[in-house]
Each structure stands twice: as structure tokens, then as C-alpha cells.
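Architecture and fold: a report
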Amino acid sequence: MTMTADTLDSRRDRRPWLKRVADASEPYLYSAPSLILIIAVMLVPLAIGVSYAFRDIQLLNPFSGGFIGLDHFRALAKDAAFYGALKNTLWWTGASVLLQFIFGLILALLLDKPFWGRGVVQALVFLPWAVPSFLAGLNWAWLFNPVIGPIPHWLYALGLMSEPGNILSDPRYAMWGPIIANVWWGIPFFAITLLAALQAIPRDLYEAASIDGAGWLQRFRSITLPFLAPTIAITVLLRTVWVSNFADLIVVMTSGGPADRTQIVASYIFTQAFRRLDFGYASAIALVLLVLLLAYSMLIILLRQTLLNKD
């Protein structure tokens, strides 16, 4: 009987402790599936990819796979093609994001005004965002083709070209083909996000400014831009990162040519990994791009935080 009583007392003492453990672990158990999925899908491939940057991974070489340290990065420091791709990436990203932002802001300002048929116009404006990037690249490659596409003939009729030639094969203008396609495809992103931010601005501010005699430009500078500034910062950040890593249109339309004039870092990674089958060197390039984009992201986040604290 004494042993039985001691056992019951021990169980009574354990129950509160077990309950406290169960209560404390409950949030982690609910979030465990999401955490496991993130670790399996994102963190594990990221760690493996980073490790490849320090190993010799060549699919056609059965003796590769060993640790080589910083050899890939030493070779990358002397790679003229990489520096050319980095320069093209700055041009590709800067022009694409700037033009997407300008046209997206214009569309958002127009769609913010009520007019008949606005719902249909919004659907048409957002349509490019629903088109797969591969299909968009094919369509624009056909449009720029002088045999079956109208754009070279239009430019020739306007006197901008001496003859209807293939723009995508001209080293001077080849980059403009994917940029134009990227601008058409990415405008809806800015239009959607900026339109949502515009609709959140109190209309009373515009009415008070109009009563005070402020014109549309003054209202835009004093009301619209300050309210849009945090949204602009985060959308520009996201779009810049996406465009820098976005090689679909370039691979489909030009494959990095002619003479690497449209080769960006993302397409250069694709070339090294899936054409030359050198996953080690491609991982080293990807790691450098990751560090550059992280530094850029930190600067934009600090800028956005400064704008929010200022307000």
C-alpha cells in the first residue's frame, strides 16, 4: 500500500510538469510542418548549393566532387565573361525596373480614377502578369523576327532602321529586345501594388489640398509620393532582386548572344550549370550574386525604415 501511494503521488507530481511541457511545445508542434517544409525545400538546397561552390562538381567528370577551397572564386576573379555579364546585369536590371516602375505608376494613377469600364481595363492591364515567362519570350522573339514579326518593319517604316533586320542579332540593340519584353511582362506588378497603396490614401487630404489651391502636381508631390514612398521602396527592392535572377526571357530570346552582349549573371549561371555541366563553378557565381543582392537588399530596407521613421 505504501508503494502504491508513493507511485500515485509521483504521478500527481509529474502531471503538472508534463502539462507545462505540452503547453510550451504546442506552438512549435503547430508550426513544425511549415518549418520542416521550409528547411527541406529552401535551407537544405541552399546549404548544398553553397557547398558546391567549394567543390569540384562536374557531371562529365566521374572523378570530380572533391573539396577545392576557393579555387572557383580565384578563377571567377579572372573571368572576363563574368564581369561582362555583371555589367549587362546592371543595365538589364536598371532599365527594366525603371521602365516598369514608370509605366506601372502611370497605370496605377489612371486606374485610381473612376471611369466607365474600369474593371475590364484592369483585367487587360494585368493580363501580361498571367502569361508564362517562357511563352512571353517566344512571342516577343517572333515579334522581333524580321520574317514573321511586324516590329522591324514598323521601325523601318518610321525611319529608325535602314532595313527590316533582326534586332536580337544586332550586338548594339540586342539587349533592348529582352528589356522591352520584360517591361511588358512586369508592368502589372507595379500597377497592382501601387494601385493598392493609392487606394489607401485618405481622400480628405486631396480635397483639403484642392481647397487650399494646390494643383495636381503639388498634390502629387506633397501627398501621393510621401504615402507611396514605403511601398515604392519595397516593390523596387523585390522587383530588382527578381529581375536580377530572371534569365527566362534572355535564354529564350537570345541565349545570351550575340557575342555575350545579352549575357547576364543569371543566364551565365544557367550556361555553366546546364550547358557546360560545371555545377561547382556555377554555384560559386550564384553565391557571389547572392551576396551582392543581400547587400543591395539591406540598403533598400534601411532606406525604407528611414522613410517610415521620418513619417
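What counts and what doesn't
Residues numbered from 1 in each chain as written. Predicted model: local features only at pLDDT ≥ 70, side-chain atom pairs only at ≥ 80, totals over all residues. Heavy atoms only, no water. Helix = DSSP H or I, 4+ residues; strand = E, 2+ residues; numbered from the N terminus. Rg over C-alpha atoms; globule rule 2.2 N^0.38 Å. Buried < 20%, exposed > 50% of the residue type's maximum accessible area, 1.4 Å probe, protein only. Contact = heavy atoms within 4.5 Å. Lys, Arg positive; Asp, Glu negative; His and termini not counted. Charge placed at Lys NZ, Arg CZ, Asp CG, Glu CD. Core = buried A, V, L, I, M, F, W, Y, C linked by side-chain atoms within 4.5 Å. Axes fitted to C-alpha atoms, helices over the stretch in contact; angles between N-to-C directions. Parallel < 35°, antiparallel > 145°, perpendicular 65-115°, else oblique. Left-handed = near helix turned anticlockwise from the far one by under 90°. Nonpolar A, V, L, I, M, F, W, Y, C, P; charged D, E, K, R; others polar. pLDDT = per-residue confidence, 0-100. Salt bridge = Lys/Arg side-chain N within 4 Å of Asp/Glu carboxyl O.

1. Brief notes about the overall build of the chain
- What the chain contains, in helices and strands, is 13 helices and zero strands.
- Ordering the α and β elements of the chain from the N terminus gives α-α-α-α-α-α-α-α-α-α-α-α-α.
- Taking 311 residues into account, the globule formula puts the C-alpha radius of gyration at 19 Å, and the chain, at 27 Å, lies well above it.
- On the principal axes, the C-alpha backbone points of the chain span a range of 105 × 75 × 35 Å.
- The buried share of the chain, taken over its 311 residues, is 35%.
- Expressed as a percentage of contacts within the chain between residues at least 6 apart in sequence, the contacts between residues at least 24 apart total 66%.
- Averaging the positions of the 22 positive and the 18 negative side-chain charges in the chain gives two centres separated by 1 Å.

2. Some remarks on the nonpolar core
- One finds Trp-92, Phe-144, Leu-194, Leu-249 and Met-253 to be the most contacted residues of the largest nonpolar core, which totals 43 residues.
- Among the secondary structure elements, those contributing two or more residues to this core are α3 (80–111), α6 (133–144), α8 (176–199), α9 (203–211), α10 (216–244) and α11 (248–253).
- Among the elements that make up this core, the one with the highest residue count is α8 (eleven residues).
- Not counting residues within four places of it along the chain, the set of residues in contact with Met-253 comprises Gly-137, Trp-140, Ala-141, Phe-144, Leu-168, Gly-177, Pro-178 and Ala-181.

3. As for the packing of α6 against α8
- The interhelical angle for the contact between α6 and α8, taken along N-to-C directions, is 130°, at an axis separation of 10 Å. Accordingly, the angle class assigned to the pair α6 and α8 is oblique. Our pair here, α6 against α8, has a crossing hand that is right-handed. Seen from α6, the contacting residues are Ser-133, Ala-136, Trp-140 and Phe-144; seen from α8, they are Gly-177, Ile-180, Ala-181, Trp-184 and Trp-185.
- Partitioned by chemical class, the residues of the contact of α6 with α8 number seven nonpolar, two polar and no charged.

4. Brief notes about the packing of α9 against α10
- Between α9 and α10, the shortest axis-to-axis distance is 10 Å and the interhelical angle comes to 165°. Taken together, the axis directions place α9 and α10 in an arrangement best described as roughly antiparallel. Every pair of crossing elements has a handedness; the one defined by α9 and α10 is right-handed. Of the residues in α10, those touching α9 at Leu-205, Tyr-206, Ala-209 and Ser-210 are Arg-219, Ile-223, Thr-224 and Phe-227.

5. Side note on the confidence of the model for the chain
- On average, residues of the chain carry a pLDDT of 86, and 94% of them reach 70 or more.
- Taking the mean pLDDT of every element in the chain, the minimum, 75, falls on helix α1 (residues 2–52) and the maximum, 94, on α3.

6. A look at the pattern of salt bridges
- Evaluated as defined, the whole model comprises three salt bridges.
- The partner of Arg-74 in a salt bridge is Asp-71, with the nearest N and O atoms 2.7 Å apart. A residue pair is termed a helical-turn pair when its members lie 3 or 4 positions apart in one helix, as Arg-74 and Asp-71 do in helix α2 (residues 71–77) at three residues.
- Overall, the relative accessible area of 51% leaves Arg-74 in the exposed class.
- The residue Arg-172 makes a salt bridge to Asp-170 at a minimum N-O spacing of 3.1 Å.
- The exposure class assigned to Arg-172 is exposed, which follows from its relative accessible area of 62%.
- With relative accessibility at 18%, the residue Asp-170 sits in the buried group.

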